[in-house]
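Residues per chain, in single letters:
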Amino acid sequence: MAFELITDNLGFFAKGAILTLEISLSAIAIGFVLGILMGLGRVSRILPVRLLSTGYVEALRGTPLLVQIFIIYFGLPSIGIYLSPLVSGILAVGLNSAAYQAEIIRGGIQSVPKGQLEAARSIGMTYTQSMRHVVLPQALRLIVPPMTNEFITLIKDSSLVSAIGIWELTLVGKELNAKYFEPFQIFIFIAIVYFIMTYATSKIMRRVEKRFKIPGYGAEA
Amino acid sequence: MLKGVNLSVYKGEVVVVIGPSGSGKSTFLRCLNRLTEPTKGDVFFEGVKITAPDVDMNVIRAEIGMVFQSFNLFLHLTAKKNIMLALTKVKGMEVEDAEKKSVEALERVGLADKADTYPGQLSGGQQQRVAIARAVAMNPKLIMFDEPTSALDPELIGEVLDVMKSLAKGGMTMIVVTHEMGFAREVADRVVFMDHGIVLEEGAPAEIFTSPAHERTKTFLARLLKE
């Protein structure tokens, strides 16, 4: 088995890996911002907001990501919206992750003791102020472990955008395999690169968790 | 479940509400600042009907402090920042002023040295004193206490009651739901006995404790004093 195949094509692999990272980070960001909004929407006292967020979560969680990617990339042009493959891919993965992140954030919000919101409201803070300064800061700390899971899943699922011709890591592998036909070597290497990314994510998130741990509260990390 | 409570509290007065658990004492307090929405009846605060739909409760609540049985300090903030949060966000104070005020409030409850400590690192008694400081720092016109010592170990109750006594001496208007009869006897201007969602009787502590008019008050006090 010749490893030159890997070393000769390192630049190509690197480009794919960087694109995978870019897609993942952008999608995580989109998912996080939307996830917070939807998560708050899920616990809102306003019924239409609650229904809308619930509908969003159920719809995006209940259909395959690959199909969602196809809807955005192949489907949107028929109603006059043209997006590049990369934008379509990032959007699809981000919107999909938003549904999962919304659920995680809702769980976090609901894990914050009820007395926290009551204390904030009883001292004159508005609902929005109470959420922003009291409930969310605590909820976000509680959800680091499940968020780590979600980010790792997202990095792996980003390989699905290879289906619409984005040259991220997986598609690079397929292309090289078509050229050299060394699937075992190539895909094991690809898997290792994914693993490095996901393992790094888990380490970084562990640091985030420790960095923001509230002294004297919860289990010692 | 409240069945009709008619009660006036005057400026500077300390009213202690007693009664068996489930008698509606906490619900009554929570209706006063509408943490629990009363389904019927009205609440007036300084002549303003605060149960009216167009009242901005946030403005009213900033003037009514509340101290909870479970302290409810903001867990992610230090003692000082717990006090500063509403000063800056609700009262619009500058950070430096809020910080000064917050340290002063902590001094009043004897915890100036705990300014940078998180709630989880404080004892229950200390947490409750910080919670009282948080309420006091807002310069409220009234502070409501919802069983402030019920979650405390017996040896920590005294320090919290002492802070409350000094507040009362300072002229603060207070409504206190408690089972601490010693505190009621010593500090209360008026004691209110609630049972089954109504005020059964009210009067000066000496009256209520020595010659209660109702049989149920008698039974309750007898049981409590036996413990």
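In what follows, the structure referred to is the one given above.
Here is a short report on the structure shown in this document. (Residues numbered from 1 in each chain as written. Chains lettered and ligands numbered in written order. Predicted model: local features only at pLDDT ≥ 70, side-chain atom pairs only at ≥ 80, totals over all residues. Heavy atoms only, no water.)

1. Overview of the overall build of chain B
Helix and strand counts for chain B come out as 9 helices and 8 strands. Taking 2.2 N^0.38 as the reference for a compact globule, 227 residues should give roughly 17 Å; the C-alpha atoms of chain B span a radius of gyration of 18 Å, in line with that estimate. Taken along the three principal axes of its C-alpha coordinates, chain B extends 55 × 45 × 25 Å. Residues counted as buried form 56% of the 227 residues belonging to chain B. Considering only contacts within chain B whose residues lie at least 6 apart along the sequence, 66% involve residues at least 24 apart. On chain B, roughly 10,300 Å² of surface is accessible, and the fraction owed to carbon and sulfur atoms is 49%. Of the charged side chains in chain B, 27 are positive and 30 negative, and the gap between their average positions amounts to 3 Å. (Helix = DSSP H or I, 4+ residues; strand = E, 2+ residues; numbered from the N terminus. Rg over C-alpha atoms; globule rule 2.2 N^0.38 Å. Buried < 20%, exposed > 50% of the residue type's maximum accessible area, 1.4 Å probe, protein only. Contact = heavy atoms within 4.5 Å. Areas by Shrake-Rupley, 256 points an atom, 1.4 Å probe, with all protein chains shown as cover. Lys, Arg positive; Asp, Glu negative; His and termini not counted. Charge placed at Lys NZ, Arg CZ, Asp CG, Glu CD.)

2. Some points on the environment of A:Leu140
Summarising the element assignment, A:Leu140 is placed in helix 7 (residues 127-142). Sequence-wise, A:Leu140 and A:Ile105 are 35 residues apart; in three dimensions their C-alpha atoms are separated by 7.2 Å.

3. Comments concerning the pairing of strand 7 (residues 190-195) of chain B
Residue and element names in this part refer to chain B. Burial of strand 7 is extensive: 6 of the 6 residues sit out of reach of the surface. The alternating pattern of strand 7 places Arg 190, Val 192 and Met 194 and Val 191, Phe 193 and Asp 195 on opposite faces, both of which are buried. Here strand 1 (residues 14-18) runs beside strand 7; their pairing, made up of 4 bridges, is parallel. Counterpart to Val 16 in the pairing with strand 7 is Val 191. As paired strands, strand 7 and strand 8 (residues 198-203) are joined by 5 bridges and run antiparallel to one another. Paired with Met 194 across the two strands is Val 199, which belongs to strand 8. (Pairing = 2+ DSSP bridges.)

4. Description of the sheet that holds strand 5 (residues 142-146) of chain B
All names here are of chain B. In spatial order, the strands read 4-5-6-1-7-8; together these 6 strands make up an open sheet with mixed pairing. Two strands close off the open sheet at either side, each with one partner strand: strand 4 (64-67) and strand 8. The sheet shows a mean angle of 20° between the axes of neighbouring strands, taken without regard to direction. The sheet contacts of helix 1 (residues 25-32) involve strand 1, strand 4, strand 5, strand 6 (174-177) and strand 7, and relative to strand 5 the element is tilted by about 150°. Here helix 6 (residues 154-169) sits on the sheet and contacts strand 1, strand 5 and strand 6; the angle it forms with strand 6, its principal contact strand, is near 150°. (Axes fitted to C-alpha atoms, helices over the stretch in contact; angles between N-to-C directions.)

5. Here's the deal with the environment of A:Ser202
Residue and element names in this part refer to chain A. Residue placement: Ser 202 occurs in helix 10 (residues 183-211). For the pair Ser 202 and Pro 145, spaced 57 residues apart in sequence, the C-alpha to C-alpha distance is 8.9 Å. Every residue in contact with Ser 202, bar those within four places of it in the chain, is listed here: Thr 148 and Ile 152.

6. Re the packing of aromatic side chains
All names here are of chain A. Applying the stated rule across the entire model yields 6 aromatic pairs over all chains. By the ring-pair criterion, three or more aromatic residues cluster together here, those being Phe 70, Tyr 73 and Phe 74. The ring of Tyr 127 carries Arg 45 above its face, with NZ or CZ at 4.0 Å from the centroid. (Phe/Tyr/Trp six-rings, centres within 6.5 Å; stacked < 30°, edge-to-face > 60°. Lys NZ or Arg CZ within 6 Å of the ring centre and 35° of its normal.)

7. A closer look at helix 9 (residues 215-226) of chain B
Residue and element names in this part refer to chain B. With 12 residues, helix 9 ought to run about 16 Å at 1.5 Å a step, and its terminal C-alpha atoms sit 16 Å apart, in line with that. All buried positions along helix 9 are accounted for by Thr 217, Phe 220, Leu 221 and Leu 224. Buried residues of helix 9 fall within an arc of 95° about the axis and therefore sit on the same side. Exposed and oriented more than 90 degrees from the buried face of helix 9 are Glu 215, Arg 223 and Lys 226. The inward-facing, buried residues of helix 9 abut strand 1, helix 7 (181-187), strand 7, strand 8 and helix 8 (205-210). (Expected span 1.5 Å × (residues − 1). Arc of directions from axis to C-beta.)

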